[in-house]
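Chain by chain, the residues run as shown.
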Amino acid sequence: MAYINGEASSSKIRGVVIATLFIAVLVFAARVYFSLHEPLKAERESFRLGTIVRLNVWGENKASLDAALDASMAEIVRLESLFSVNIATSDISRINSNSGGRIKVSPETGELIALALKNAGETGGAFDPTIGPVVRLWGIGTKNAHVPADSEIDAARELVDYRRVSCYKQNGGCYAAVGRGQRFDLGGIAKGWIADRVADLLRKHGITSALIDLGGNLYVIGKSPKGHAWKIGLQHPDKPRGEYFGTIDVEDISVVTSGPYERYFEKDGVRYNHIFDPSTGRPVQSGLVSVSVISKSSADADALCTAMFVMGPEKSVAFLREHRDLEAVLVVGAEKKVFITQNIENKFSLTDGGMMLEVINGAVK
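Residues numbered from 1 in each chain as written. Predicted model: local features only at pLDDT ≥ 70, side-chain atom pairs only at ≥ 80, totals over all residues. Heavy atoms only, no water.

Draft legend 1. Representation of the overall build of the protein in the model. Assigned secondary structure in the protein consists of eight helices and 19 strands. In the protein, buried positions account for 49% of the 365 residues. Sequence separation of at least 24 residues holds for 56% of the intrachain contacts in the protein that already meet a minimum separation of 6. Summing over all exposed atoms, the protein offers an accessible surface of approximately 18,300 Å²; the carbon and sulfur share of this is 53%. (Helix = DSSP H or I, 4+ residues; strand = E, 2+ residues; numbered from the N terminus. Buried < 20%, exposed > 50% of the residue type's maximum accessible area, 1.4 Å probe, protein only. Contact = heavy atoms within 4.5 Å. Areas by Shrake-Rupley, 256 points an atom, 1.4 Å probe, with all protein chains shown as cover.)

Draft legend 2. Focus on the packing of helix α4 (residues 107-122) against helix α8 (residues 298-322). Packing of α4 against α8 brings their axes to within 10 Å, and their N-to-C directions diverge by 5°. One way to sum up the angle between α4 and α8 is to call them roughly parallel. For the pair formed by α4 and α8, the contact residues are L115, K118, N119 and E122 on the first element and A299, D300, A303, L304 and F319 on the second. Each residue belonging to the contact of α4 with α8 can be placed in one class, and the counts come to five nonpolar, one polar and three charged. (Axes fitted to C-alpha atoms, helices over the stretch in contact; angles between N-to-C directions. Parallel < 35°, antiparallel > 145°, perpendicular 65-115°, else oblique. Nonpolar A, V, L, I, M, F, W, Y, C, P; charged D, E, K, R; others polar.)

Draft legend 3. Region of interest: the sheet that holds strand β18 (residues 348-350). Pairing is antiparallel in the open sheet, where three strands are placed in the order β8-β9-β18. The open sheet is flanked by β8 (230-235) and β18, the only strands paired with a single partner. For this sheet, the mean angle separating the axes of adjacent strands, direction not counted, is 25°. (Pairing = 2+ DSSP bridges.)

Draft legend 4. Structural view of the sheet that holds strand β5 (residues 173-177). With antiparallel pairing, the three strands of this open sheet are ordered in space as β3-β5-β4. Unpaired on one side and paired on the other, β3 (103-105) and β4 (166-170) mark the two borders of the sheet. Across the sheet, the axes of successive neighbouring strands diverge by a mean angle of 35°, strand direction being ignored. Taken strand by strand, α4 contacts β3, β4 and β5, and its axis lies near 105° from that of β3.

Given below as structure tokens:
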């Protein structure tokens with residue numbers, strides 16, 4: 001009886017060893033397979049839209065990836081030629097040069113203007129695409145940056161009113177006009193709109209994993225090449241570029257982050273940033289130091305970032321409570337407090353231990 005039990009035990013041991021070896025072989029084979037079948041990566045980088053544009057795509061065919069990137073970069077150049085205030089022949093420059101009169105524009109320009117006006121209306125003018133006279137007056141981000149006289153600021157502010165803009169279709173064409181003396185500046189929405197178009201174009205080329213970076217405007221397609229959600233770091237407003245206060249896990253969506261730390265100049269110990277309040281004609285000083293909006297529409301996210309800086313913390317939180325579908329992260333500088341919407345609570349991680357997290361309509365942590 002003991003002999004029989006011993007043989008049974010030996011058989012059992014041999015079975016366990018064989019099973020263990022079999023599993024080890026499977027694991028090794030899987031690692032070899034996936035190392036040999038990691039998706040290929042292709043990338044492009046260029047200075048466009050006043051920033052460094054980076055496109056990264058992953059897939060199985062290098063020629064297809066390159067074709068998708070070439071088409072995307074060409075589209076960025078084409079759209080920049082329509083929207084940039086720094087290109088004299090652009091649709092926006094032609095509208096500004098002929099303020100008070102209507103100009104025939106491309107369908108893309110008409111669509112962008114219509115979306116800008118929609119966002120202006122929904123934010124009560126906190127985002128206003130006719131901020132151009134104020135932007136031009138201050139010159140922040142250029143060699144002409146200065147603090148204008150109060151009378152100059154007041155005169156420029158009087159020209160800011162999105163309700164004086166007209167944009168319509170007639171006889172198969174698209175037309176737009178601003179009031180006399182007004183100037184469009186679509187810098188607060190154009191990059192987002194272009195990111196949306198590039199994402200659509202990459203999808204049409206069969207791209208299922210991509211990272212579009214238009215300088216603060218990120219758009220991710222699908223999952224990361226590792227097969228899981230993208231982990232996006234949110235720039236710390238008080239630390240050097242590349243240091244984050246938090247991360248968010250996302251798929252197939254845009255993450256737009258903006259802050260007064262991006263472009264500014266100093267005069268007599270005072271820092272003047274590039275985000276302007278349409279109601280005052282001056283750089284915002286709302287207490288917010290970083291705003292991130294997560295949305296399927298990068299254009300909407302772009303405009304809302306600007307709007308919430310103008311609104312300030314209290315009004316922005318109230319706005320987000322009214323628009324529960326929006327996903328956002330707000331940082332209040334003086335209080336070192338981070339507000340997040342409840343719908344991203346399971347996707348956001350605060351990595352700066354010196355900050356306090358509060359979930360809008362949720363709990364303080």
